[in-house]
Amino acid sequence: MASAAEQLAANLNFSAFAKATELKKRIWFTLGALVIFRLGTYIPVPGIDPVALEQIFQQQSQSMLGMFNMFSGGSLGRMTIFALSIMPYISAAIIMQLLTAVSPKLEQLKKEGEAGRQKINQYTRYGTVLLAAVQAYGISVGLEGMQAPTGASAVIDPGLFFRFTTVVTLTGGTIFLMWLGEQITQRGVGNGISLIIFSGIVANLPSAFASTLELGRTGALSTGIILFLLVMAVAVIAFIVFIERSQRRLIVQYPKRQVGNKMFGGEKSHLPIKLNSAGVIPLIFASSLLLMPLTVAGFSGQGGPDWLNTVTALLGRGQPLYLALYVAGIVFFAFFYTSIVFNPEDTAENLKKNGGFIPGIRPGKNTANYIHYILMRLTAVGAVYLALVAILPEILVAQYNVPFYFGGTSLLIVVSVTMDTVAQVHSHLLAHQYEGLIKKAKLKGSR
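Everything quoted here is computed from the prediction, not taken from an experiment.

Before we move on, could you go through the overall build of the protein chain and cite the residues and values that matter?
Scanning the protein chain from N- to C-terminus turns up 19 helices and 4 strands. In the protein chain, once contacts between residues fewer than 6 apart in sequence are set aside, the share between residues at least 24 apart is 75%.

Please set out the packing of helix α10 (residues 160-187) against helix α11 (residues 192-203) residue by residue, giving values where relevant.
Contact geometry of α10 with α11 gives a least axis separation of 7 Å together with a crossing angle of 115 degrees. In terms of orientation, α10 lies roughly perpendicular with respect to α11. When α10 is examined against α11, the residues Leu177, Gly181, Ile184 and Thr185 are found in contact with a partner set consisting of Gly192, Ile193, Leu195 and Ile196. For the contact of α10 with α11, the per-class residue count stands at 5 nonpolar, 3 polar and no charged.

Break down the side chain of threonine 124 for me, with residues and values.
Here threonine 124 shows up in helix α9 (residues 114-144). Its relative accessible area of 5% is what places threonine 124 among the buried residues. Residues within four places of threonine 124 in sequence aside, it is in contact with Tyr89, Ala92, Ala93 and Met96.

A description of the nonpolar core should follow, citing residues and the corresponding values.
Counting 87 residues, the largest nonpolar core has Met79, Ile90, Leu143 and Tyr326 as the members making the most contacts within it. Ranked by the residues each element gives to this core, the list is headed by helix α18 (residues 365-400), at 9 residues. In terms of domain composition, this core takes at least three residues from each of domain 1 (22-203) and domain 2 (221-403). The contact partners of isoleucine 90, leaving out residues within four places of it in the chain, are Ile193, Ile197, Ile284, Phe285 and Ser288.

Can you tell me about the pattern of salt bridges, naming the residues and giving the values?
Counting across every chain of the model gives 3 salt bridges. The shortest N-O distance in the salt bridge between arginine 125 and glutamate 182 comes to 3.2 Å. Of this pair, arginine 125 sits in helix α9 while glutamate 182 sits in helix α10, and the two are 57 residues apart along the sequence. Between glutamate 144 and arginine 163 there is a salt bridge, and its shortest N-O distance comes to 2.9 Å.

Calculation rules
Residues numbered from 1 in each chain as written. Predicted model: local features only at pLDDT ≥ 70, side-chain atom pairs only at ≥ 80, totals over all residues. Heavy atoms only, no water. Helix = DSSP H or I, 4+ residues; strand = E, 2+ residues; numbered from the N terminus. Contact = heavy atoms within 4.5 Å. Axes fitted to C-alpha atoms, helices over the stretch in contact; angles between N-to-C directions. Parallel < 35°, antiparallel > 145°, perpendicular 65-115°, else oblique. Nonpolar A, V, L, I, M, F, W, Y, C, P; charged D, E, K, R; others polar. Buried < 20%, exposed > 50% of the residue type's maximum accessible area, 1.4 Å probe, protein only. Core = buried A, V, L, I, M, F, W, Y, C linked by side-chain atoms within 4.5 Å. Domains from an automatic or database assignment. Salt bridge = Lys/Arg side-chain N within 4 Å of Asp/Glu carboxyl O.

Right under this line is the structure:
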C-alpha cells in the first residue's frame, strides 16, 4: 500500500501547480533574474572595437577562449559587463573550502552554525572581488595587444584609463552576478549560481545547432557525422540521468521497544547514498580553475612572450596536458566535495542516537568506517563517470574538428541543473499539498 507521501506525489498535477501561489512567485522571480542576466550579456565594455573583437574570437572559437565564452553565455566574445561571468566567485569558493579543510580557525568558524557560515561567505565575497580585479586587469592588458586579421586593434584607445574602466566594469559585473545568484537561491527556485551558468550555456545552444546544420548544408560536415553527434548527445543525456538517479541503499534496522502495553519500532528503513554525491560541482570547480588562468593567458598570449604562447598551446582543448589536468581536477574535487557534503561520523552518530543500526555492523565507529568504505567506492565510480562524460566529447572535438561545443561538460551541467530545479519545484508542490491538508484538518477540528 502506498504511503501518504507517495499518494500526495501521485496527485501532483497542473491544478496543484495553479494553486501554489508561493511557488509561482518564486518561478517568476527566477525567470526575471535570468532575463536580467541575459540583458547584461549584451551591454559592452567601453572602448572596445566590436568588429575587430568578433574577428579575433572567430579565430579562437575552438580554443579555451571559445570554451569560456560558452560558459559566460557569449559575454566574453562580445566583451560585455558580464565577461568574467560567475567564475571568480566559484574560484573564491574553492579557495575558501580548501582553506577550511586545512585551517583549524576556519574549521571552527564553520562549526559555529549560521553565524560562522555567514562569516565564511563574507570572506568568499572579498576573495571574489580580489580575483575578479586581477583577472579583469589581465584581460584588459591582453586586449590592448590583440589585433584582428585586418590589423585593427581590439581596443579603440588603449592606456591607463581603458584598463581602469575595464577592471571596474568587469569586477562590478561579477559582483552583481554573485548577488543575483544569491537572490535566486533565497527567493527563487534552484541554485542561483548553477542556474546562471545553465542559462549561459542554453542561450547559445540554438545558434550552435544552427551553425552545425549550416556546415552540413554547405558540405563541410557530412550527414553521418551530424546524425552521430545527435545520437551521441541523446545517449549521453540518458546515461547522465541514469547515473544521477542511481544510489546505494544501506539497510537500517530499528529495534523494537515496549511502551506500556504496546510495541513500537522494529521496522526497516534505508540510508540512500548517491553514486555521484558531489553532483556537477567537481566539473564546475575544475573548469573554473583551468579556464580563468588560461583565458588571461589566451588574451596575453597574442602579443606575449614565447613561453606564454607555448603554455597556452600545451593547454589547448584536446591537448594531453589539458585533459590530464582536467581529469585530475575532477577526481580531486569529487572526493573533496563529497567529504564536505557527507560526513560518515555524523551519520553513524545520528543512527546510534535514534537506535538504528546496519545489520551485521556494530553501532558507532564500526558503522562510520563501513559507511566511509561504501562512500569512497561509490565516489571512485562517480569520479570516473564524471571524467568520462567530460573528456570523451573533448577528444572527439579535438580529433575530428567538429564545431559542436555542446559537449559532455555542458550536457552534464544542463541535465543536472534541470533535474535539481525540477526536484525543488516538486518539493515546493509537496509542501503546498501538506499545507492544504493541515488547514483542512484544523477546520475540521474547529467544527
